[in-house]
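Survey of secondary and tertiary structure
Chain by chain, the residues:
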Amino acid sequence: MADRDAGPDAGAATTTVTDSFVAHRNLLFTVAYEMLGSAADAEDVLQETWLRWSGVEHTTVRDPRAFLVRITTRQSLTRLRTLRRRKESYVGPWLPEPLLIAPDVAEDVELADSVSMAMLLVLETLTPTERAVFVLRDVFDLDYDEIAHALDKNPPAVRQIAHRARAHVAARRPRETVSPSQTRDALAAFQQAVETGDLTGLLNMIAPDVVLLADGGGVVRAAVEPVVGVTDVTEVLARLSGALLQPTLVNGHPALSIRCDGRIDTVVALRLDAGLITGLYAVRNPEKLSRMNRETVLVGWRNQLSPVPRGAQPAGDLP
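Rules behind the numbers
Residues numbered from 1 in each chain as written. Predicted model: local features only at pLDDT ≥ 70, side-chain atom pairs only at ≥ 80, totals over all residues. Heavy atoms only, no water. Buried < 20%, exposed > 50% of the residue type's maximum accessible area, 1.4 Å probe, protein only. Helix = DSSP H or I, 4+ residues; strand = E, 2+ residues; numbered from the N terminus. Pairing = 2+ DSSP bridges.

**Some thoughts on the pairing of strand β5 (residues 263-273)**
- Of all 11 residues in β5, 10 are buried, a share of seventy percent or more.
- Pairing between strand β4 (residues 253-260) and β5: five bridges, direction antiparallel. Among the inter-strand pairings, Cys 260 is bridged to a residue of β5, identified as Arg 263.
- Linkage of β4 to β5, two consecutive antiparallel strands, is achieved through a turn of two residues, within which Asp 261 is found at a positive phi near 55°.
- Where β5 and strand β6 (residues 276-283) come together, seven bridges link them in antiparallel fashion. Bridge pairing links Ala 269 to Tyr 281 in β6.

**A closer look at the pairing of strand β3 (residues 245-250)**
- Summarising the sheet, β3 and β4 pair through six bridges and their orientation is antiparallel. Bridging from a neighbouring strand, Thr 248 pairs with Ala 255 of β4.
- Adjacent in sequence and paired antiparallel, β3 and β4 are bridged by two residues, among which Asn 251 carries a positive phi angle near 50°.

Structure (structure tokens):
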């Protein structure tokens with residue numbers, strides 16, 4: 001009889017645990033992706049978070065969202081250190097995994113800026129702890145006590161880390177906010193130049209010290225070293241002459257994609273500084289392009305309960 005009586009309660013508890021995780025899943029994915037720059041690894045972190053969350057005594061948890069973010073942060077830190085070792089043997093430049101994100105993310109300027117390809121590359125230059133503190137404080141606006149709890153540090157230490165990380169990022173991020181219309185104009189000129197093979201109209205839009213990074217991961221052909229300078233970059237672009245490019249929205253910002261045989265072959269994003277193209281990021285590694293076929297939902301701390309748009313891809317599945 002005792003076992004039968006325990007059944008419904010256990011089932012209700014399991015439902016509550018699952019509902020809490022599902023309610024915050026898109027937020028947790030966003031935190032993990034900001035930390036890692038990899039959707040595949042972010043999904044793995046979500047699986048680990050779920051396993052730990054399902055084993056917690058939930059009657060002692062006062063704030064499920066904060067608790068789940070804490071687990072996700074710690075799992076992301078562990079995964080980030082593993083990724084750093086993996087990147088040491090990566091063939092060619094490593095670029096973040098591009099995501100086809102719902103258009104409403106672009107309306108959240110702070111969130112869109114934080115997941116831009118350029119910004120994610122800046123975050124790569126931080127230490128794992130600095131990156132965690134910066135993401136939780138400057139992107140998700142968690143207070144220092146919450147971050148300290150998540151990282152097992154004291155608040156004064158977290159404040160110091162945040163100050164150091166913020167200064168580091170400020171020195172390396174784009175110097176001014178670029179509007180979507182400015183990016184679209186630059187991409188339109190880029191698209192026309194590549195499709196027609198006439199790069200002359202593009203030359204006055206490219207900075208002298210422009211850098212092209214191409215991520216093929218050793219799977220497909222791509223430059224294994226950064227291509228630097230307007231002359232060398234335009235030589236690479238000339239080889240794309242005649243390719244058909246399509247406008248798309250990558251990580252909340254306008255971008256271009258190249259299709260071959262009906263599949264996405266390359267995703268191209270830009271970095272603009274003072275009206276000039278200073279960075280070109282071409283992701284070609286097919287393992288990183290799988291999430292460009294369906295929208296992925298990213299949300300900030302304040303709107304993590306936003307519904308998933310019809311046809312969009314949830315940020316990971318329960319095991």
